[in-house]
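Next come the chains, spelled out residue by residue.
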Amino acid sequence: MSPTVLALLAAASAAISATFTKRMVGEYPARQLIGPLLLLNSLLVVPALPFVHQFHWSWQIALLHAGSVTALVVSSWCIFELFVHGSASAVAIGQAMAPIPAVVFTALLLSIGVTWEQTVAAATVSVAVLVVLGGSFGTLTPRRAVVLVATAACGSGVLIVLTKMLTDHGLGVPEIYCVRTSIGAAVWIALAPPVDLPLRALPELFTRSIFQTGYFVLVILAVQRGSPATVQTLAATTPLMLLVATFLVRPRALPLRLVFASCAVVFGIALTAR
């Protein structure tokens, strides 16, 4: 399967996951959700570990894992903070900035040139996201919203480039994903123990983990086959999918800012995918 198809499927999975996330942060403490969700994500891929023919280890791989865990831990906090104050569509549009750092870090860490299409796409997506941030996150000030979005985007961009570097060292999906999410889960459970999460929340958490794990697994598979900058850009179609789904479920006028931002994101994606 081509990296383009895998990345678009990942975007669809992320859109479904985002709707579950938004609903859960309205019912439970947001930070306490992160650790259990990452743990469930890891457990979903554990059954694939016995099929790994060779486990890879070196100091360089360990450093790449450490960087991946750091990016995951930090970006997860920013994303959940945004979900508390904004809609799933608004958060997804904010995450659509991730291709920008992905392009930058691809050039810096992988020594891959940046094309003019990627530069224009990055600028277009940036403007679109900044326009939509104004009043899309409730009580969050625009400055705080921009900081959270930018940090989350940088974390996602770094994460996908480090994933590419790990695949270049021969690691597959089970190794990359289980190590990253299990350590990330341990960190977040220590930082925010899930003492206020009832057992009745487990089915909903598990369902969300299925779609979020599907997103990450598909992204890793796509990165194995293509450029991390292109994969991250294609995965940024999540906002458009969310807007369409929202309109189909509840047909009503959508905020013009969200529509404009989604169209601009798609334009940027089209440029990068040329």
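Before reading further, recall that the structure is shown in the block above.
In this report, we go over the structure that sits alongside the text.

## Quick word on the state of the cysteines
Enumeration over the complete set of coordinates arrives at 0 disulfides. Free cysteine Cys154: the closest other cysteine sulfur is in Cys78, separated by 9.6 Å. Residue Cys154 is classed as partly exposed on the basis of its relative accessible area of 36%.

## Concerning the nonpolar core
In this structure, Leu33 and Leu205 are the most contacted members of the largest nonpolar core, which totals 63 residues. Elements that contribute at least two residues to this core include exactly α1 (3-25), α2 (30-45), α3 (59-85), α4 (88-95), α7 (142-168), α8 (173-191), α9 (202-225) and α10 (228-235). Per-element accounting of this core gives the leading share, 11 residues, to α3. In this view, Leu33 contacts Met24, Val25, Tyr28, Phe80, Leu197 and Leu205; residues no more than four positions away in its chain are not counted.

## Comments concerning the environment of Arg31
Within the secondary structure, Arg31 is located in helix α2. Since its relative accessible area comes to 44%, Arg31 is described here as partly exposed. Taking the C-alpha atoms as reference, Arg31 lies 8.7 Å from Pro193; in sequence the two are 162 residues apart. Leave out the neighbours within four places in its chain, and Arg31 touches Trp77, Glu81, Trp188 and Ala192.

## Details of α10
In terms of burial, α10 is largely enclosed, as 7 of its 8 residues are buried. Within the span of α10, buried status applies to Pro228, Ala229, Val231, Gln232, Thr233, Leu234 and Ala235.

## Details of the environment of Val46
Along the chain, Val46 falls in the loop between α2 and α3. With a relative accessible area of 34%, Val46 lands in the partly exposed category. Along the backbone, Val46 and Glu175 are 129 residues apart, and their C-alpha atoms lie at a distance of 9.2 Å.

## Things to note about the packing of aromatic side chains
Applying the stated rule across the entire model yields 4 aromatic pairs. Ring plane angle 20° and centroid distance 6.1 Å describe the contact between Phe20 and Phe211, whose orientation is recorded as stacked. With a gap of 191 residues between them, Phe20 in helix α1 and Phe211 in helix α9 connect regions that are remote in the sequence. You can call Phe20 buried: its relative accessible area is 17%. Each ring, one from Tyr215 and one from Phe216, has its centre 5.0 Å from the other, and the planes form 65°; the classification is edge-to-face. Accessibility classification places Tyr215 together with Phe216 in one group, the buried group. Three or more aromatic residues joined by ring pairs form one cluster here, namely Tyr177, Tyr215 and Phe216.

What counts and how
- Residues numbered from 1 in each chain as written.
- Predicted model: local features only at pLDDT ≥ 70, side-chain atom pairs only at ≥ 80, totals over all residues.
- Heavy atoms only, no water.
- Disulfide = S-S within 2.5 Å.
- Buried < 20%, exposed > 50% of the residue type's maximum accessible area, 1.4 Å probe, protein only.
- Core = buried A, V, L, I, M, F, W, Y, C linked by side-chain atoms within 4.5 Å.
- Helix = DSSP H or I, 4+ residues; strand = E, 2+ residues; numbered from the N terminus.
- Contact = heavy atoms within 4.5 Å.
- Phe/Tyr/Trp six-rings, centres within 6.5 Å; stacked < 30°, edge-to-face > 60°.

Read these as geometric descriptors, not functional statements.
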